[in-house]
Amino acid sequence: MALAAQNAVVAAEALGLGSCYVGAIRNRPEEVAAELGLPPHAIAAFGLAVGRPDPTEDAGVKPRLPQQAVLHHEQYDAGLADAHLATYDERLATYNARHGLAGAWTDRVLTRLAGPESMAGRHRLREALERLGLPVR
Ligand SMILES: Cc1cc2nc3c(=O)[nH]c(=O)nc-3n(C[C@H](O)[C@H](O)[C@H](O)COP(=O)(O)O)c2cc1C
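Values in this document were obtained by computation on a predicted structure and should not be read as measured data. One numbering rule holds for all chains: residues counted from 1, following each sequence as written. The model is predicted, so local features are restricted to residues of pLDDT at least 70 and side-chain atom pairs to those at 80 or more, both for listing and for counting; the totals for chains, interfaces and linings are taken over all residues. With hydrogens and water stripped out, all remaining heavy atoms of the structure feed into the side-chain values.

Focus on the site of the ligand
Residues are counted as near a molecule or strand when any one of their heavy atoms sits within 4 Å of it. Every residue close to the ligand is listed here: Cys20, Tyr21, Val22, Gly23, Ala24, Lys62 and Arg64. Side-chain atoms alone can form a polar contact between residues adjacent in sequence; in general such a contact is a pair of N or O atoms within 3.5 Å, and within protein one must be able to donate a hydrogen while the other accepts it. Contacts to the ligand include Tyr21, whose backbone N or O atom sits 3.2 Å from a nitrogen atom. The separation between an oxygen atom of the ligand and a polar main-chain atom of Ala24 is 2.8 Å. Areas reported as accessible are Shrake-Rupley estimates using a 1.4 Å probe. Residue values count occlusion only from the protein chains shown. If the ligand stood free it would expose 590 Å²; the protein chains cover 42% of that surface. Think of it as three bins: nonpolar holds Ala, Val, Leu, Ile, Met, Phe, Trp, Tyr, Cys and Pro, charged holds Asp, Glu, Lys and Arg, and polar takes everything else, Gly as well. Among the residues forming the shell around the ligand, the class breakdown is four nonpolar, one polar and two charged.

Here you go:
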């Protein structure tokens, strides 16, 4: 699924189009399946909004976690990953502030994963998959 999504994004970019993944399509899977008329045992795994980028929109380039935090050799090194978070948070907070968003990266991730109430329905994804006839182990 991720490979298909990424290829679609790359193809759109090659055509001069912009795109935005819509993971929120999994927030209410049964309703989306009904809306799309999906057969049993099928679910919309991701959405992709495709359009022409607004040339007046200055989104900039969003800072990324440094490569040392995400590229690991042979074994995952949690300490190395964590070591870069404070610096990245500072950089992202600056970027966010410039674009009218509050908070840094860890704040936003922790808020998003605080509990069922902050997961926009995603906490019942397993139940939804079972209802749509997808075996869940
Ligand atoms: C797997 C995935 C799902 C996403 N789902 C949504 C979404 O449901 N709604 C939305 O507005 N943006 C969505 N996005 C876009 C992100 O909010 C963000 O704008 C984009 O990924 C660029 O930020 P990043 O550099 O942190 O990935 C999604 C991005 C990814 C990678």
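Now that the structure has been shown, the text picks up again.
Focus: the packing of aromatic side chains
Classification of ring pairs uses Phe, Tyr and Trp, with its six-membered ring standing for Trp, and accepts pairs whose centres are within 6.5 Å; under 30 degrees between planes counts as stacked, over 60 as edge-to-face, and the remaining range as tilted. Tallied over the entire structure, the rule returns one aromatic pair. Ring geometry for Tyr88 against Trp105: centres 5.9 Å apart, planes inclined by 70°, an arrangement best described as edge-to-face. With Tyr88 in helix H5 (residues 85-98) and Trp105 in helix H6 (residues 105-112), the pair connects residues that are 17 residues apart, well separated along the chain. Its relative accessible area of 32% is what places Trp105 among the partly exposed residues. Secondary structure elements follow DSSP: runs of H or I no shorter than four residues count as helices, runs of E no shorter than two count as strands, and numbering proceeds from the N terminus. Burial classes: relative accessible area under 20% of the type maximum marks a residue as buried, over 50% as exposed, and values in between as partly exposed (1.4 Å probe, protein chains only).

Re H5
Across its 14 residues, H5 extends 20 Å between first and last C-alpha, which sits within 8% of the 20 Å expected from 1.5 Å per residue. Within the sequence span of H5, burial applies to Tyr88, Asp89, Leu92, Tyr95 and Asn96. For H5, the angular spread of buried residues about the axis comes to 130°, placing them on one side. Of the exposed residues in H5, those oriented more than 90 degrees away from the buried face are Ala86, Glu90, Ala97 and Arg98. Once H5 ends, the next one or two residues include Gly100, with phi positive near 75°. A helix is expected to span 1.5 Å for every residue after the first. Within this analysis, the arc is defined by the directions that extend from the helix axis to the C-beta atoms.

Worth remembering: the numbers are spatial, not functional.
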